[in-house]
Amino acid sequence: MALPGGGRAVGPERADEVPHVLYVRFHPAPGEDVYQGLLTLLGELTPVVEALPPDAALADVRGALRYFGRDAAGLAEIVRVRALARYGVDCTVGVAANPLLARMAAHEAQEAHTQGAQESGAVRTVPGDPDAVAAFLARKPAIALPGVGPATARTLSAYGLDSAARIAAAPLSTLQRILGAATARRVHAWARGIDPAPVTPNAPARAMGAEHRFRRDELDPVRRRRALLTLADGLGVRLRTSGRVAAAISLTVRYADRSTTTRTRTLTEPTAHTPALTAAAYALHDALGLQRARVRSVALRVEGLTDAGLASHQLTFDPADEKSRRLEAAADRARARFGVSAVRPAGFLDVA
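Residues numbered from 1 in each chain as written. Predicted model: local features only at pLDDT ≥ 70, side-chain atom pairs only at ≥ 80, totals over all residues. Heavy atoms only, no water.

Enquirer: For this particular structure, what's the right way to read the overall build of the protein?
Expert: Secondary structure summary: the protein contains 12 helices and 10 strands in total. Residues classed as buried in the protein amount to 44% of the 352 residues present. The long-range share in the protein, meaning contacts at least 24 apart out of those at least 6 apart in sequence, stands at 71%. If you sum the accessible surface of the protein, you get close to 17700 Å²; carbon and sulfur atoms cover 53% of it. (Helix = DSSP H or I, 4+ residues; strand = E, 2+ residues; numbered from the N terminus. Buried < 20%, exposed > 50% of the residue type's maximum accessible area, 1.4 Å probe, protein only. Contact = heavy atoms within 4.5 Å. Areas by Shrake-Rupley, 256 points an atom, 1.4 Å probe, with all protein chains shown as cover.)

Enquirer: What is the right way to read the nonpolar core from this model?
Expert: As a rule of thumb, nonpolar side chains are buried together in soluble globular proteins. Grouped together as the largest cluster of nonpolar side chains are 32 residues, with contacts concentrated most on L137, L145, L156 and I167. At the level of elements, β1 (21-27), β3 (56-60), α4 (99-114), α5 (130-137), α6 (150-158), α7 (164-169), α8 (172-179) and α9 (181-191) are the ones that each hand at least two residues to this core. Among the elements that line this core, the one with the most residues is α4, at six residues. With sequence-adjacent residues up to four places away left out, I167 is seen in contact with A142, L145, L156, L161, L175, V187, H188 and A191. (Core = buried A, V, L, I, M, F, W, Y, C linked by side-chain atoms within 4.5 Å.)

Enquirer: How should the packing of aromatic side chains be read in this particular structure?
Expert: The geometry of an aromatic ring pair is captured by two quantities: the separation of the ring centres and the angle between the planes. Scanning all chains against the criterion turns up one aromatic pair. Ring centres of Y67 and F68 lie 5.1 Å apart, and the angle between their planes is 80°; on these two criteria the pair is classed as edge-to-face. A relative accessible area of 70% places Y67 in the exposed class. Relative accessible area serves as the criterion here: at 26%, F68 is assigned to the partly exposed category. (Phe/Tyr/Trp six-rings, centres within 6.5 Å; stacked < 30°, edge-to-face > 60°.)

Without other data, these values stay purely geometric and don't point to any function.
And the structure:
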């Protein structure tokens, strides 16, 4: 593959471009300090790095191709070698012309590994020409498109649009009647391998998270809610102990086929109050409409952390809320004296 002398602009109606975007998924998931080091490692190749905590990142290496004398797949191999040598962390890397295809390529590589088809931590490249992109997407199910969750996939399947190829071939007007105008335009573009979103350099959000892995694929929504209660309680304790509050909360659901759905909600006010975190987690879970979904794990992540002393709290005349906060403070004192297991929610689930 010839290296480009200069990058070409990619408009929203073009899917053809020299692969220059890396989607890097680290495994096992690194701790926060190691993750920061891995981001610095990517920064040695390009300044255009977008952190996707806790275990992934996007990198646009278009400007590094000529400097290093390698194509993007070659730079991905450099990332793998350095990550292993410095941090003992392997990674799966998807290489493509845009973040959408790079993410899908990395997921395909990971799926091949789980089926024993290749070694752990691989580089998978989607060539940039339209025919290669169409061939890559041809047999992908609708849910394989990042941004298409189980509910949207079920809606599309009900109309026979169960693959990326069928969605791409469908008239946009048909998709708009099914999904609404804005969603239909996005999904139609994704199904053709078009993603105009750039890689946006950022700093990873100050955040903390926790995950519950079920012993077996979980169908029972009651047990999933109990897991969310357990996670929210633990995060609330950690926030209050560290004197911080969170401005937003994210829920990530991992399914039996290893696909994931992530949803984020901004909280009414920055808080470390466990009932508020739990209510937000429940709302995110219920909005997914999982029904018969086989869930392998759920994870909560609180984001936008700030000093609790700088946060404002809306006063309330609700005695139940005031009582809940007093009980929470008493429980925190008991935990501080007798250990974190001294007080737990009634629906607490042991970690699997």
